[in-house]
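# Structural description and commentary
Listed below are the residues making up each chain.
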Amino acid sequence: MFRKLHVNKISIVVLMFCVMRVYIQSMLPLYPIDAAGVDDMLMVSYANLLGEDNLFLGDYSFYTLLKLPGYGMFLWLNNLLNTRYSVLLGILYSSGCLLLFKTMKDLTQDTLKAFLTFFITLFCPVMFAPKVGGRIYCTALVPVLTVYIAALYIGIIGRVNMRKSSLLYLLLAGGIYGFYRIVRYDHIWMTLFMIGVSIVVAVIIINAEGFIVLRKIIALLIPFIIGIAITTTLKTINYFNYGIYATSDFNEMHFAEMCKYIMAIEPTEEYEGVYVSMETLHKAADVSPNLKKLVDNRDLLGWDSQNEKGEVWIDLYAWNLRYAADNLNLYTNPIECDLYYKQICDDLKNAFDSGKLKKRNIIAISPFSAPLTVKDIPQMIKYSVVEGLDNVFHFNPIDIEWRYTDFASDNQYTLLFEDFTNEELVSKNELSQSMTITGWFFPKNGQDKLEILLIDKEGKVIQIQFVDSQDVYDAKKVEQAKCSRVKLDVLTDEDFNVEESSIKIRLSLNNKPVYEDYLNNFVNGISIDGIEYYIDDVSYYQPNEAAVQKLENYKENERLFKNAVIVIQRLSSFVVFFVFAVTIGEIVIFINSVVKKKKEDVLPLVLKLGLIITMWIIVLMQSERNFSEWSSFYACYSAGAYVFYCILIGLCINTCIDWKRTCKMKV
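Residues numbered from 1 in each chain as written. Predicted model: local features only at pLDDT ≥ 70, side-chain atom pairs only at ≥ 80, totals over all residues. Heavy atoms only, no water.

### What to know about the overall build of the chain
The following threshold applies: Secondary structure elements are defined from DSSP: runs of H or I of at least 4 residues count as helices, runs of E of at least 2 residues count as strands, and each element is numbered from the N terminus. Relative accessibility decides the category of a residue: with a 1.4 Å probe and only protein chains considered, values under 20% of the type maximum give buried, values over 50% give exposed, and everything between is partly exposed. Here, two residues are considered to be in contact whenever any of their heavy atoms come within 4.5 Å of each other. To measure how exposed things are, a 1.4 Å probe is used in the Shrake-Rupley method; for residues, cover is taken only from the protein chains shown.
Assigned secondary structure in the chain consists of 20 helices and nine strands. Within the chain, the proportion of its 667 residues that are buried is 52%. Long-range contacts, defined as pairs at least 24 residues apart, comprise 72% of the intrachain contacts of the chain with a sequence gap of at least 6. Entry remark: accessible area of the chain is about 31000 Å², with carbon and sulfur atoms responsible for 58%.

Given below as structure tokens:
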């Protein structure tokens, strides 16, 4: 009776902490990047398309099969349930931790041990990171799905020990694993973790019952079969809707193969952070007419993020080629588009075979991935062990500092919202005095260089950039009109002051000013030597007081989270020492038991080593592109490692409890 009452009290405490965790998650500010049309806003687009009565993801276009739709499905479900996004995310993560509590209790047969592991994992700092739990992107689901997989496989081990059926856990693990496969491409680490635990379980079964229970061992394949079945189902849906048997036309199909061929070309000179140099791209274009069309067309779009030598960073070469293909209207027919890329692949393969192009031995996992050579592998391993795992152990990239501006678009945009509906979006225009200017400008002489500056009353300057303007070119029929459209959002901040009556506009040709006046006086119809222009709109906005107050509330919450994480990071060195001391202590005890031929339960040690190895594999997978200056930026993609680390801490505390109890018994 007393024991039952004690268990009920623990269960109530666990549920209370889960409710608290959901409430804390709801306090987080969210910042989907409104300018990230191929990331955050693509996921939003998928969610909206899934709710419409049409093709699976709408009519085929540049964006349709660009990325996996799993996270978009989660957003669609969120809208269907009419739930606050942060609340649903908190409920799912807390439920995963609740499952972890149950399965740990089955494994250890100890409520206290299960509770400690549950508590540490429940408040894992990674879910409070702006780039993980605070962003509308697939990284937000990585810790959630990780905690479910970890809990289910711990439960499978526990039920095998108790000689109970684990079929339900295997089925649930298969569903979670399959969903992860359509959320992110880096599911290999999860696959390896599942394989490792399955081997441990198979050994336990064979050791206890022999090979006579072969059906139990075969049952361990169920999650893998379900995972493959879910991926195959997505491919089949895409095939019936678009004629492409693939989960994506970016990481699969002939576009990905083309990118791998291009990265395999031996470069004359290599640049740090550059996957494909301009010279290499032109070499490839010289042997492939189809590729040459893409390379020549890139000038309409411009190369994003060029360095001082005119080279583009990391995988942006692939994005620019894809944008160029879209500009040539290739993304209207999926089959013809893939055949276009196939011809490029055939051209490059023939060039390698004939010796026109020199091929280097590389490992290129996808267009996103760096082309790895043999000499890169030691550096990659060194980063993953030294810096990568150190980030995990000390929660270094989990900087609780929400950026209220978009790091992907020159700090001009942000979105903050509580409920995931378009009506609840709050743009930065509502948080500050701001203005928007749209229109088009181009020099009458195509050889002239046009520059447009906005100048505030303190002399601070913003240069207006030009973008593609096919409509203006169609109307004017002059080459310089192809890139003449402007759309600029200007906000009052430390770099510029938006005050309607004091902003000036200056137009210059070949670095010589030809017009300067207050923007309020600049209207259509003014004759300016050498320049043709048209202003569509100039609008000014005052701050939305409700939005400003919401932002202040978020900032107050931010201070609380930041202080909590600072405490965690300061304690992290002690925690790292504790974890490794316990693990090494267990290894010593195991070796001693082998030498003295004593029976020792090695399962806790095997679990710890398995978690450490999995954490390293997760970090290693990101290291192929992150061992230079990108390491901190992409640390959010290793979010699963942080969850495993919290579980590892709980297991180490459990070991100390066992040691203490053993010592008391001996005394």
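From this point, the discussion proceeds with the structure in view.
### Focus: a nonpolar patch on the surface
Put simply, the rule is: Note on patches: the residues involved have over 30% relative accessible area and no salt bridge, like charges join within 9 Å, and the nonpolar side chains Val, Leu, Ile, Met, Phe, Trp and Tyr join within 5 Å. Salt bridges, as used here, are contacts in which a Lys or Arg side-chain nitrogen is within 4 Å of a carboxyl oxygen on Asp or Glu.
Together, Ile587, Phe590, Ile591, Val594, Val595, Leu609 and Ile613 make up a nonpolar patch on the protein surface, roughly 600 Å² of accessible area in all. Breaking the nonpolar patch down by element, the ones donating at least two residues are helix 18 (545–595) and helix 19 (603–626). Considering each element in turn, the nonpolar patch owes the most residues, five residues, to helix 18. Locating Ile587 in the fold gives a position in helix 18. On the basis of relative accessibility, which here comes to 31%, the residue Ile587 falls in the partly exposed class.

### Structural notes on the packing of helix 11 (residues 253–263) against helix 14 (residues 316–327)
Under the convention used in this document: Under this scheme, a helix contributes an axis fitted over its contacting stretch, all axes are lines through C-alpha atoms, and angles between N-to-C directions fall in the 0 to 180 degree range. Angular relationships are summarised with four words: roughly parallel below 35 degrees, roughly antiparallel beyond 145, roughly perpendicular across 65 to 115, and oblique for the angles in between. Working rule for handedness: look at the near helix, and if it is turned counterclockwise from the far one by less than a right angle, call the crossing left-handed; if clockwise, right-handed.
The N-to-C vectors of helix 11 and helix 14 enclose an angle of 130°; their axes lie 11 Å apart at closest approach. Here helix 14 runs oblique to helix 11, going by the angle between their axes. In this structure, helix 11 crosses over helix 14, and the sense of that crossing is right-handed. Contacts between helix 11 and helix 14 involve Phe255, Met258, Cys259, Ile262 and Met263 on the former and, on the latter, Tyr317, Ala318, Leu321 and Arg322.

### Details of the packing of helix 3 (residues 70–81) against helix 4 (residues 85–108)
Closest axis-to-axis distance for the helix 3/helix 4 pair is 10 Å, and the angle between their directions is 110°. Judged on the interaxial angle alone, helix 4 and helix 3 are roughly perpendicular. When you trace helix 3 past helix 4, the crossing you get is right-handed. Contacts between helix 3 and helix 4 involve Tyr71, Phe74, Leu75, Asn78 and Leu81 on the former and, on the latter, Tyr85, Leu88, Leu89 and Leu92.

### A few points about the side chain of Asp456
Worth spelling out the cut-off: Asp and Glu are treated as the negative residues and Lys and Arg as the positive ones, with His and the ends of the chain left uncounted. Nitrogen and oxygen atoms within 3.5 Å of one another constitute a polar contact, given that in protein one can donate a hydrogen and the other can accept it, and given that sequence-neighbouring residues count only through two side-chain atoms.
Inspection of the secondary structure puts Asp456 in the loop between strand 4 (450–455) and strand 5 (461–463). One buried charged residue, Asp456, forms no salt bridge at all, with the nearest opposite charge on Lys460 at 5.3 Å. A polar atom in the side chain of Asp456 sits 2.7 Å from the backbone nitrogen of Lys460. For Asp456, the residues in contact, after removing those within four places along its chain, are Phe496, Asn497 and Ser502.

### Observations concerning the nonpolar core
Let me state the cut-off plainly: The term nonpolar core refers to a set of buried residues drawn from Ala, Val, Leu, Ile, Met, Phe, Trp, Tyr and Cys, joined through side-chain atoms within 4.5 Å. Note: domain ranges come from an automatic or database domain assignment.
Within the largest apolar cluster, 157 residues are counted, with the highest numbers of intra-cluster contacts made by Tyr71, Met258, Leu294 and Tyr645. Here this core takes 15 residues from helix 6 (residues 141–161), the largest share from any one element. For this core, the two domains that each supply at least three residues are domain 1 (9–239 + 572–664) and domain 2 (254–367). Excluding residues that lie within four positions of it along the chain, Tyr71 makes contacts with Met43, Tyr85, Arg135, Ile136, Tyr137, Cys138, Ala140, Leu141 and Val183. Ranked by size, the runner-up nonpolar core spans 23 residues in total, among them Ile437, Ile452, Leu454 and Ile531.

### Remarks on the confidence of the model for the chain
Formally: Every residue carries a pLDDT, the predictor's confidence in it, which falls somewhere between 0 and 100.
On average, residues of the chain score 81 in pLDDT, and 84% of them are at 70 or above. This model gives residues 299–304 a pLDDT under 50, and the stretch forms 17 contacts once residues within four places in sequence are excluded.

### With respect to the pattern of salt bridges
Using the criterion set out here, one finds 13 salt bridges in the structure. The partner of Glu532 in a salt bridge is Lys476, with the nearest N and O atoms 2.8 Å apart. Remark: Lys476 occurs in helix 17 (residues 470–476) and Glu532 occurs in strand 9 (residues 531–541); sequence separation between them is 56 residues. Here Lys476 falls in the partly exposed class, since its relative accessible area comes to 33%. Overlapping salt bridges bring together Asp471, Arg485 and Asp536 as one network.

### Quick notes on the pairing of strand 8 (residues 512–518)
Note the following rule: Following DSSP output, two strands are said to pair if at least two bridges run between them.
By the bridge criterion, six bridges tie strand 7 (residues 504–509) to strand 8 in an arrangement that is antiparallel. Of the residues in strand 8, the one forming a bridge with Arg506 is Glu516. The turn joining strand 7 and strand 8, which pair antiparallel and follow one another in sequence, is formed by two residues; a positive phi near 55° is taken by Asn510.

### Some thoughts on the sheet that holds strand 4
Pairing is antiparallel across the open sheet formed by four strands, whose spatial order is 5-4-7-8. Both edges of this open sheet fall to strand 5 and strand 8, since each of them pairs with a single strand only. For this sheet, the mean inter-axis angle between neighbouring strands, taken without regard to orientation, is 20°. Bridge analysis of strand 4 against strand 7 gives six bridges, and the strand direction is antiparallel. In the strand pairing of strand 7, Ile452 is matched with Leu507.

### Observations regarding the environment of Ser94
Looking at the element boundaries, Ser94 is found in helix 4. By relative accessible area, Ser94 is classed as buried at 3%. Excluding anything up to four places from it in sequence, Ser94 contacts Cys18, Arg21, Val22 and Leu122.

### Things to note about the packing of aromatic side chains
The criterion, for reference: In summary, the pairing rule links any two rings of Phe, Tyr or Trp, Trp by its six-membered ring, whose centres are within 6.5 Å, and it sorts them by plane angle into stacked for under 30 degrees, edge-to-face for over 60 and tilted for everything else. Any Lys NZ or Arg CZ found within 6 Å of a ring centre and within 35 degrees of that ring's normal is scored as a charge over the ring.
For the coordinates displayed, the defined rule picks out 35 aromatic pairs. Consider the rings of Phe393 and Phe580, whose centres lie 5.4 Å apart with planes at 90°: the pair is edge-to-face. Of this pair, Phe393 sits in helix 16 (residues 376–393) while Phe580 sits in helix 18, and the two are 187 residues apart along the sequence. Pairing Phe441 with Phe522 gives two aromatic rings, centres 6.2 Å apart and planes at 10°, and the pair type is stacked. Separated by 81 residues along the polypeptide, Phe441 in strand 3 (residues 434–443) and Phe522 in the loop between strand 8 and strand 9 bring together distant segments of the chain. By relative accessible area, Phe522 is classed as buried at 5%. Three or more aromatic residues joined by ring pairs make a cluster, and in this case those are Tyr60, Phe62, Tyr63, Tyr242, Phe250, Phe255, Trp319, Tyr323, Tyr331, Tyr340 and Tyr341. The ring of Tyr518 carries Lys504 above its face, with NZ or CZ at 5.1 Å from the centroid.

### A few points about helix 15 (residues 334–354)
Think of an α-helix as 3.6 residues a turn; residues three or four steps apart then line up on the same face. Keep this limit in mind: To estimate how far a helix should reach, multiply one less than its number of residues by 1.5 Å.
When the terminal C-alpha atoms of helix 15 are compared, their 30 Å separation across 21 residues agrees well with the 30 Å that a helix rising 1.5 Å per residue should span. All of the buried residues along helix 15 are Pro334, Cys337, Asp338, Tyr340, Tyr341, Ile344, Cys345, Asp347, Leu348, Ala351 and Phe352. Measuring from the side-chain oxygen of the N-cap residue of helix 15 to the backbone nitrogen of Ile335 gives 3.1 Å; that N-cap residue is Asn333. Positioned one or two residues after helix 15, Gly355 has a phi angle of 90°, which is positive.

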